[in-house]
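# Structural features, examined
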Amino acid sequence: MSSVVTLLAQRIALGLLLLFLVSILIFVGTIILPGDVAQSILGQSATPEALANLRRDLGLNDPPLTRYLDWATGVLHGDLGTALTSGQDIAESLASRLSNTLFLAFWAAIIAVPLAVFLGLLAVRYRDRWPDKLISAVTLASISLPEFLIGYLLMFFLGVKLRWFPSTAIGYRPDADVFTRLEAIALPVAVLTLVVLAHMMRMTRAAILNVMQSAYIETAELKGLSTFRVIWKHAFPNSIAPIVNVVMLNLAYLVVGVVVVEVVFVYPGMGQYLVDHVSKRDVPVVQACGLIFAAVYIGLNML
C-alpha cells in the first residue's frame, strides 16, 4: 500500500511542478508579445500622459519577476485577476464559460467513447473485410480534415440546406431546458465526436489486434468460442490499458481543444472567451484561460 501512496504522491508532485513550469511559459509568452496593452485599451488617440498613467495603474512598469509573483500569488488564492477591457472579475466570468465548455465536452465524450470502442471491436471482428476497410477509411478522412472545415461542411449541409439543426450555437442559453441546449450544440458535438473518434477507434483496434496474437487467445479459439466472444471476453479486457490512455488524452483534448469549434459555431464557452480577449490584448484573461486549459490537460493526463 505504501508503494501506491508513494507513486500517487510522486505523480501529483510532478503534475504540480509541470503546471508551475507551464505558468511561467504562459506568463513569458504573453509579456513578450508585440504591441502595447495600454495603447490597445485607450486607442490611438490617447495622450502620452494617459498611456503612462494606465501603464502605472496596470503595473506594466514593474519588473517581470514582480509581476509574475503577484499573478501567481493571486492564482494560489483563487484570484485570477480583472479583465482589462471590461473590468469584470475573471474568475466569475470564467465560471459560466467553463461550465458551458464542460457541457459540450461531456456530450461529445458520451457519444464518442462508446462509439469508438464499438467500431474498434467491429473492425477487429471483420478484420481485412469491407466493414474494417470502410471504418478505417472514414476515420482516416476525419483525421485528415481540419475541424473548422468539418464544422463548416456540417453547418452548410445540415444547418443551412437540410435545416435539421441550428447552424450556430449563438442561441444557446444555460438556463434553458436540456433538450433545447442539446439541439443548440448538436453540430459542435458532431464535429468534436468526429475529431476524437478516429484516434480512439484506431487505438482500440490496434490494442485488441496486438492481444489477439497471444497464446491464450488461440486456446480460447480452439475451445470453439465464437470470434466475437473471444474478442469481448478475452482480448478486450486485456487490452484496456492503452485504450484508457488514449481515451483520457482525447477527453483532455475535448476540453482544451474546443477553441476552434467554439469560434466556428459562436458557442459561449472558454474558447470563444479566450479568442475574444486575445483580439483585445487582454493579457490577464489570456493568462487565466491558458492556465486553466493546462491544469485540465495535466489533471486528466495524470488521472
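A quick note: this is a predicted structure, and the numbers were derived from the prediction, not measured.

Calculation rules
Residues numbered from 1 in each chain as written. Predicted model: local features only at pLDDT ≥ 70, side-chain atom pairs only at ≥ 80, totals over all residues. Heavy atoms only, no water. 1 Å grid on protein atoms, 1.4 Å probe; cavity = no way out; pocket = protein on both sides within 12 Å on 5 of 7 lines; lining within 4 Å. Points joined across faces, edges and corners; volume = space filled by probe spheres on them. Helix = DSSP H or I, 4+ residues; strand = E, 2+ residues; numbered from the N terminus. Nonpolar A, V, L, I, M, F, W, Y, C, P; charged D, E, K, R; others polar. pLDDT = per-residue confidence, 0-100. Buried < 20%, exposed > 50% of the residue type's maximum accessible area, 1.4 Å probe, protein only.

Take the layout of surface pockets next. What the second largest pocket holds in volume is close to 210 Å³. Residue lining of the second largest pocket: L16, L19, F20, S23, Y68, W71, A72, V75, L76 and L291, and that is the complete set. At the level of secondary structure, the elements contributing two or more residues to the lining of the second largest pocket comprise α1 (2-31) and α4 (64-76). Per element, the largest residue contribution to the lining of the second largest pocket is five residues, and it comes from α4. Within the lining of the second largest pocket, the residues separate by chemical class into nine nonpolar, one polar and no charged.

Moving on, we come to unusual backbone geometry. Here the phi dihedral of V266 falls at roughly 50°; this positive angle occurs in a residue that is not glycine. Considering the arrangement of structural elements, one finds V266 in the loop between α13 (259-264) and α14 (270-279).

On average, residues of the protein chain carry a pLDDT of 79, and 89% of them reach 70 or more. Mean pLDDT in the protein chain bottoms out at helix α2 (residues 37-42), which sits at 66, and peaks at α1, which reaches 87.

Here we come to the environment of V138. Looking at the secondary structure, you find V138 in helix α6 (residues 130-144). A residue is classified by how much of its surface remains accessible, and V138, at 49% relative accessible area, is partly exposed.

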